[in-house]
Amino acid sequence: MQNHAAKSALIETGHWISQQGWVPATGGNFSIRTDSGFVVTASGYHKGYLEPEHFLELCADGQITAGNGAPSAETALHLMLYQLSPNTECVLHTHSVAATTLSRFIRDDTLHIEGYEMQKSLRGIDSHLTPLHIAIFDNDQDIERLALRVAKHHATTPVVHGVLIRGHGLYAMGHSVAETRRHIEGLEFLFACELERIKLEGTR
């Protein structure tokens, strides 16, 4: 994908994600793999009102080649996800209430989901009986250290659809922008269902 097309795709995606309430304030960051490297959102901009000048262009090794401003500190985690999964073409990071709350409520290092038809919205899952496992990592302001923890986990349990960062949100990934958007929408639905299930169980 050319850089200008990548920016257009992320502008439209940012508007859609913002309408869902998943990137409040200046939260979240987006990226796409391009023919020359990557396009990533610059830090400090509301993702619902992105413009072409709100992006940075990176070469294949992650060095900035064009654009103004600073990349999000979390760019290192984006680049690690691309490195771990060479077929990944897009990474979208959101801050929904459901994802953020569940990642703090679940004490384990994995969120296990099973029994929902919506699981079939995720690549490789063709039944509600197929367990879905989303890894949860403790938040860390040292993003490179966090990225290395994700890589260590991936070595034994491959990251396929995304990861949760505790108290922070979701990093979703896919083989295209469209697939990544579908993964976010499916996962957010599942997270919301799990959150409601936990609430209801607490009233029994």
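The structure displayed is predicted, hence computed values, not measured ones. (Residues numbered from 1 in each chain as written. Predicted model: local features only at pLDDT ≥ 70, side-chain atom pairs only at ≥ 80, totals over all residues. Heavy atoms only, no water.)

*Asks:* I keep staring at the overall build of the protein and nothing clicks. Help me out?
*Replies:* Across its full length, the protein carries five helices and nine strands. Each helix (α) and strand (β) of the protein, taken in turn from the N terminus, gives the series α-β-β-β-β-α-β-α-β-β-α-β-β-α. For 204 residues, the compact-globule estimate of 2.2 N^0.38 gives 17 Å, and the protein sits close to it at 16 Å. Principal-axis analysis of the C-alpha atoms gives the protein an extent of 55 × 35 × 35 Å. (Helix = DSSP H or I, 4+ residues; strand = E, 2+ residues; numbered from the N terminus. Rg over C-alpha atoms; globule rule 2.2 N^0.38 Å.)

*Asks:* Help me out: how do you make sense of helix 4 (residues 143–156) in this one?
*Replies:* Each turn of an α-helix holds 3.6 residues, which means side chains three or four residues apart point in the same direction. Over its 14 residues, helix 4 extends 21 Å from the first C-alpha to the last, a length consistent with the 20 Å expected when each residue adds 1.5 Å. Summarising the contacts, the buried residues of helix 4 are in contact with helix 2 (75–84), strand 7 (132–137) and strand 8 (162–165). (Expected span 1.5 Å × (residues − 1). Contact = heavy atoms within 4.5 Å.)

*Asks:* Teacher, can you tell me more about the sheet that holds strand 4 (residues 64–66) here?
*Replies:* Backbone-to-backbone hydrogen bonds pair the strands of a sheet. The strands run either parallel or antiparallel. Pairing within the open sheet is mixed, and its nine strands lie in the order 4-3-2-1-5-9-8-7-6. Two strands in the sheet have a free side with no partner beyond their single neighbour: strand 4 and strand 6 (110–113). Averaged over neighbouring strand pairs, the angle between their axes works out to 25° when direction is ignored. By the bridge criterion, four bridges tie strand 6 to strand 7 in an arrangement that is antiparallel. Bridge pairing in strand 7 links His112 to His133. Each of strand 1 (29–33), strand 2 (37–41), strand 3 (55–59), strand 5 (90–94), strand 8 and strand 9 (169–174) touches helix 2; the most contacted strand, strand 1, lies at about 35° to it. (Pairing = 2+ DSSP bridges. Axes fitted to C-alpha atoms, helices over the stretch in contact; angles between N-to-C directions.)

*Asks:* What should I look at first to understand the state of the cysteines in this one?
*Replies:* Any covalent bond linking the sulfur atoms of two cysteines counts as a disulfide. The final tally for this structure, using the stated rule, is zero disulfides. The structure places no disulfide on Cys59, whose sulfur is separated from the nearest cysteine sulfur, that of Cys90, by 19 Å. Classification of Cys59 as partly exposed rests on a relative accessible area of 21%. (Disulfide = S-S within 2.5 Å. Buried < 20%, exposed > 50% of the residue type's maximum accessible area, 1.4 Å probe, protein only.)

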